[in-house]
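Spelled out, the chains give:
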Amino acid sequence: MADPLELAVREQFQNPVQQRETSMVGMWVFLITEVMLFGGLFTGFAVYRMEYPLGFDLGSAQMDFKMGAINTAVLICSSFAMALAVNSAERGRKLRLAGFLVLTIVLGLLFLGIKFDEYYLHFLDHKAPGINFYQSGPQASSIEMFYVFYYIMTGLHALHMFVGIGLLSVLLLRTGLGSFSAEYHTPVEITGLYWHFVDTVWVFLFAIFYIPGAHMR
Amino acid sequence: MSQPTVSIKTYTFTWLALLGLTLLTSLIGLLDLGLFNLVTAIVIAGIKASLIAFFFMHAFYESKLVRVVLAGGVLWFLILISLTLGDYLTRGLLPFPGK
């Protein structure tokens, strides 16, 4: 059975609909602050891309385009699994909810596995600015700048993935404890919003880091 | 609230559209279009992001307040990037040293 305390409407709210609406708006406002966090980095990338177009294209040409495309597909599938988890929660189907949460987590871990394999290959290839970087030619330092943006932006994204997997694990635990029902499942919806947002960020990261140099490989 | 917000059919179509657009953007990326490689990549990413926000994140079905918050976020990001690039793109247009 669902926890009666969780089903109850807290005293500052008039009814469950208003309570849910408040949570949803609060989460969207948080996601907008995340848009501004990543937005600053995207803007910085745009400025440096304009200053050093050739170096950034050469840097992009060194990315493993196939790995990036596969990772995009993996993350889109995990978002689909998360959407189906929300759908199951709305219908009160707890076993299906748990199943889709597990699938979302597994696909999230697969994404991180591929991502860190890529980082490792970059490292072996002397493409880790500040630790192990070697590049020849006149564009060497702008290619290094490309990699600085690459590590900071994909690294911050990977950090968000870890947080998301942690949140999904808590959801899975609470599903097992029977906290969610067709009437009360706001945490599932809110975590879903976060997970889809992180997916959206990757869609743009794939577009700016992997695609521009793909034809030069 | 026992009725799901979005049907599994809609989710499936959204998912297939997202995978299709990923394939499309990858194939276009293999052509040499100059600067338009980046431009088309960002446009397709924008379409994918809208699909995720409207259907996976239910923005299409949420209250007006949520949609205003989303629109506000997009608007503020556009202000951030357009004013910054408005500065960098127009440097050197006027014949003053250091401008």
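Further up the page is the structure itself.
First, a word on scope: everything that follows refers to the structure included in this document. The model shown is predicted, which means the values in this text are computed figures rather than measured ones.

## Notes on the interface of chain B and chain A
Quoted interface sizes are often the accessible area lost when the parts come together. Contacts between the two partners involve 43 residues from chain B, matched on the other side by 38 residues from chain A. Taken together, the elements giving at least two residues each to the side of chain B that touches chain A come down to helix 1 (8-29), helix 2 (36-56) and helix 3 (64-90) of chain B. When residues in the side of chain B that touches chain A are grouped by element, the largest group, 13 residues, is from helix 3 of chain B. Tallied by class, residues from the side of chain B that touches chain A come to 29 nonpolar, 11 polar and 3 charged.

## Comments concerning the nonpolar core
Ranked by size, the top nonpolar core spans 74 residues in total, and within it Ala85, Phe204, Leu205, Phe206 and Ala207 of chain A carry the most contacts. Within the residue set of this core, elements represented by two or more residues are helix 2 (16-51), helix 4 (65-91), helix 5 (94-124), helix 6 (140-176) and helix 7 (186-210) of chain A together with helix 1, helix 2 and helix 3 of chain B. By residue number, the principal contributor to this core is helix 7 of chain A, which donates 17 residues. If you count residues domain by domain, this core takes at least three from each of domain 1 (1-62) and domain 2 (63-99) of chain B. Setting aside residues up to four positions removed in sequence, Leu205 of chain A forms contacts with Met153, Thr154 and His157 of chain A.

## Some thoughts on helix 3 of chain B
Look at helix 3 of chain B: 38 Å from first C-alpha to last across 27 residues, which is about the 39 Å you get at 1.5 Å a residue. Residues of helix 3 of chain B that are buried: Val66, Val69 and Leu70 of chain B. If you follow the buried residues of helix 3 of chain B, they end up packed against helix 2 of chain A together with helix 2 of chain B. Just beyond helix 3 of chain B, the residue with positive phi is Gly92 of chain B, at close to 85 degrees.

## A short note on the packing of helix 6 of chain A against helix 7 of chain A
All names here are of chain A. Close contact between helix 6 and helix 7 brings their axes to 10 Å; oriented N to C, the two are set at 160 degrees. Taken as axis vectors, helix 6 and helix 7 run roughly antiparallel relative to one another. Where helix 6 crosses over helix 7, the two elements pack in a sense that is left-handed. Across from Tyr150, Met153, Thr154, His157, His160, Met161, Gly164, Leu167, Leu168 and Leu171 in helix 6, the residues of helix 7 making contact are Pro187, Val188, Thr191, Tyr194, Trp195, Val198, Val201, Trp202, Leu205 and Phe209.

The rules behind each value
- Residues numbered from 1 in each chain as written.
- Chains lettered and ligands numbered in written order.
- Predicted model: local features only at pLDDT ≥ 70, side-chain atom pairs only at ≥ 80, totals over all residues.
- Contact = placed C-beta atoms within 7 Å.
- Helix = DSSP H or I, 4+ residues; strand = E, 2+ residues; numbered from the N terminus.
- Nonpolar A, V, L, I, M, F, W, Y, C, P; charged D, E, K, R; others polar.
- Core = buried A, V, L, I, M, F, W, Y, C linked by C-beta atoms within 7 Å.
- Buried ≥ 20, exposed ≤ 12 C-beta atoms within 10 Å, placed from the backbone.
- Domains from an automatic or database assignment.
- Expected span 1.5 Å × (residues − 1).
- Axes fitted to C-alpha atoms, helices over the stretch in contact; angles between N-to-C directions.
- Parallel < 35°, antiparallel > 145°, perpendicular 65-115°, else oblique.
- Left-handed = near helix turned anticlockwise from the far one by under 90°.

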